[in-house]
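# An overview of the molecular structure
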Amino acid sequence: MKLVFASNNTHKIAEISAMLPKSIELVGLQDIGCDVDIPETAETIEGNAQLKADYVTQHYGLPCFADDTGLEVEALNGAPGVHSARYAGEQKNALDNMNKLLFELDNKASRKAQFKTVIALNLNGETHHFTGIVSGEIIREKRGTQGFGYDPVFVPTGQSQTFAEMDASEKAALSHRGKAVQQLITFLSDK
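If you look the protein chain up in an unreviewed UniProt entry, it shows as dITP/XTP pyrophosphatase from Flavobacterium stagni. In the Subunit (unreviewed entry) part of its UniProt record, the protein chain is described as follows: "Homodimer." The UniProt entry for the protein chain carries the following text under Sequence similarities (unreviewed entry): "Belongs to the HAM1 NTPase family."

This is the structure in structure tokens:
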């Protein structure tokens, strides 16, 4: 089965592709000739995932899934949440985002946070959603060089390493995206 992942993020494409069974050929937006930066204008993580999947389905007529992820920090009333990628500005700079987050949490007692990923799948005229959540905390300084986004400052509950200190398979076994993708794989296996 050929399935479009509505993303140009090579890190996410590689991460998810490695998790999928060989029977599913994963292609990204560039592979189908889509060079549009699909607007993420919804007020929820679920809404943004659906907007991206719908864009590909409507414009290219292909089975597609899209994800959206947000980091929800308890002491910041769930921020950055749906605005995680652009927390420090429209330019989507991961280092600036982490620095702003650490600054905002500087004198907060609670550092509890969770990553939430929602996958929206458009297949055979139907839409399905899969959600993965991993709880943890934001540490005070960046550690590790693997991963992307907020990975260097997030330690999952029960772990001592940040996501950025884990290799891809360790992270996939624990991560929000890994949990949502496993639900997607299970669903596709039943088709």
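Here the focus is unusual backbone geometry. Generally, phi is negative for residues other than glycine and the peptide bonds are trans, each holding for most cases. P80 follows A79 through a cis peptide bond whose omega is 0°. By the element assignment, P80 lies in strand β4 (residues 80-81). If you check the backbone angles, N77 has positive phi at about 55° while not being a glycine. One non-glycine residue, K92, lies in positive phi territory at about 55°.

Moving on: the UniProt feature "active site" (unreviewed entry) in the protein chain. Within this numbering scheme, the UniProt entry marks D68 as carrying the feature "active site" (unreviewed entry). Note on placement: D68 falls in strand β3 (residues 64-73). Accessibility expressed as a relative area gives 6% for D68, which makes it buried. Each residue touching D68, except ones within four places of it in the same chain, is listed here: E40, I45, N48, A49, K52, V82, K116, T117 and V118. Looking at D68, its side chain comes within polar contact range of the side chain of N48, at 3.4 Å.

In terms of nonpolar packing, the biggest core is built from 20 residues, with F65, L121 and L188 touching the most fellow members. Broken down by secondary-structure element, the contributors of at least two residues to this core are β1 (2-5), α1 (10-19), β5 (112-123) and α5 (176-189). With six residues, α5 is the largest single contributor of residues to this core. Setting aside chain neighbours within four positions, we find L188 in contact with M1, L3, I24, L121 and L123. The next biggest cluster of nonpolar side chains, apart from the first, holds 19 residues, and it includes V73, V134, Y150 and F163.

Quick notes on the rules
- Residues numbered from 1 in each chain as written.
- Predicted model: local features only at pLDDT ≥ 70, side-chain atom pairs only at ≥ 80, totals over all residues.
- Heavy atoms only, no water.
- UniProt positions renumbered as here; feature names shortened; annotations may be inferred.
- Helix = DSSP H or I, 4+ residues; strand = E, 2+ residues; numbered from the N terminus.
- Buried < 20%, exposed > 50% of the residue type's maximum accessible area, 1.4 Å probe, protein only.
- Contact = heavy atoms within 4.5 Å.
- Polar contact = N/O pair within 3.5 Å; in protein donor to acceptor, adjacent residues only side chain to side chain.
- Core = buried A, V, L, I, M, F, W, Y, C linked by side-chain atoms within 4.5 Å.

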